[in-house]
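Here is what each chain is made of, one letter per residue.
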Amino acid sequence: IDKYYKDDEVRNVFVAQDGYVGGDSKLIDALAVASYAGKQNAPIVLATSDLTQKQADIIEAKTQKHNASTITNTLTKVGGGVASKVMNRVLDILGL
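Overview of the structure. Since the model is a prediction, treat every value here as computed from it, not as a measurement.

**What to know about the environment of Phe-14**
Step number 1: One can find Phe-14 in strand β1 (residues 12–16).
Step number 2: The exposure class of Phe-14 is buried, given its relative accessible area of 5%.
Step number 3: Expressed as a C-alpha distance, the spacing of Phe-14 and Ile-44, which sit 30 residues apart in the sequence, is 4.7 Å.
Step number 4: When near neighbours in sequence (up to four residues on either side) are disregarded, Phe-14 contacts Val-33, Tyr-36, Ala-37, Ala-42, Pro-43, Ile-44, Val-45, Thr-76 and Val-78.

This is the structure we're talking about:
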């Protein structure tokens, strides 16, 4: 996200299950949404039980707080396996 998006550029964020859970390869949800996310110019955040501080910092740097009159952010959970704690934290960062 830090490399491919300018500051305040991200308006849509997709969250999918991290592939490292239990050593299993669980990136199928992220792979399924990758083409659509690319067309939306939106990053896919990989997380399961929590965001790292670096993930949170980068999401915050690349987005602006939601403001219905000027800035519309969206958050989409892709598949299962992502904790509500993760979703709530990203919602808070986006101002949703």
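Right, picking up where we left off after that structure.
**Topic: empty space enclosed by the protein**
Step number 1: With the rule as written, the count across this model stands at one cavity of 30 Å³ or more.
Step number 2: One number sums up the size of the largest cavity: a volume of about 40 Å³.
Step number 3: As for the largest cavity, its lining consists of Ile-1, Val-10, Val-13, Pro-43, Val-45, Ile-58, Ile-59, Lys-62 and Thr-63.
Step number 4: The dominant element in the lining of the largest cavity, judged by the number of residues it contributes, is helix α2 (residues 53–62), at three residues.

**A word on the packing of aromatic side chains**
Step number 1: Counted by the stated rule, this structure contains one aromatic pair.
Step number 2: Look at Phe-14 and Tyr-36: their rings are 5.9 Å apart centre to centre, the planes differ by 85 degrees, and that puts the pair in the edge-to-face class. You can see Phe-14 sitting in strand β1 and its partner Tyr-36 sitting in helix α1 (residues 28–39), a full 22 residues away along the chain.

**Section: the nonpolar core**
Step number 1: Counting 16 residues, the largest nonpolar core has Val-13, Val-15, Leu-51, Ile-59, Leu-75 and Val-90 as the members making the most contacts within it.
Step number 2: Where this core is concerned, the elements lending two or more residues are β1, α2 and α3 (84–94).
Step number 3: With five residues, the single largest contributor to this core is α3.
Step number 4: If we ignore the near neighbours within four places in the chain, the residues touching Val-13 are Pro-43, Val-45, Thr-74, Leu-75, Thr-76, Val-90 and Leu-94.
Step number 5: In terms of nonpolar packing, the next biggest core, distinct from the first, is built from seven residues, Ala-16, Ala-30, Ala-37 and Val-78 among them.

Cut-offs and rules
Residues numbered from 1 in each chain as written. Predicted model: local features only at pLDDT ≥ 70, side-chain atom pairs only at ≥ 80, totals over all residues. Heavy atoms only, no water. Helix = DSSP H or I, 4+ residues; strand = E, 2+ residues; numbered from the N terminus. Buried < 20%, exposed > 50% of the residue type's maximum accessible area, 1.4 Å probe, protein only. Contact = heavy atoms within 4.5 Å. 1 Å grid on protein atoms, 1.4 Å probe; cavity = no way out; pocket = protein on both sides within 12 Å on 5 of 7 lines; lining within 4 Å. Points joined across faces, edges and corners; volume = space filled by probe spheres on them. Phe/Tyr/Trp six-rings, centres within 6.5 Å; stacked < 30°, edge-to-face > 60°. Core = buried A, V, L, I, M, F, W, Y, C linked by side-chain atoms within 4.5 Å.

Everything listed here is a matter of coordinates, which is why it stays silent on function.
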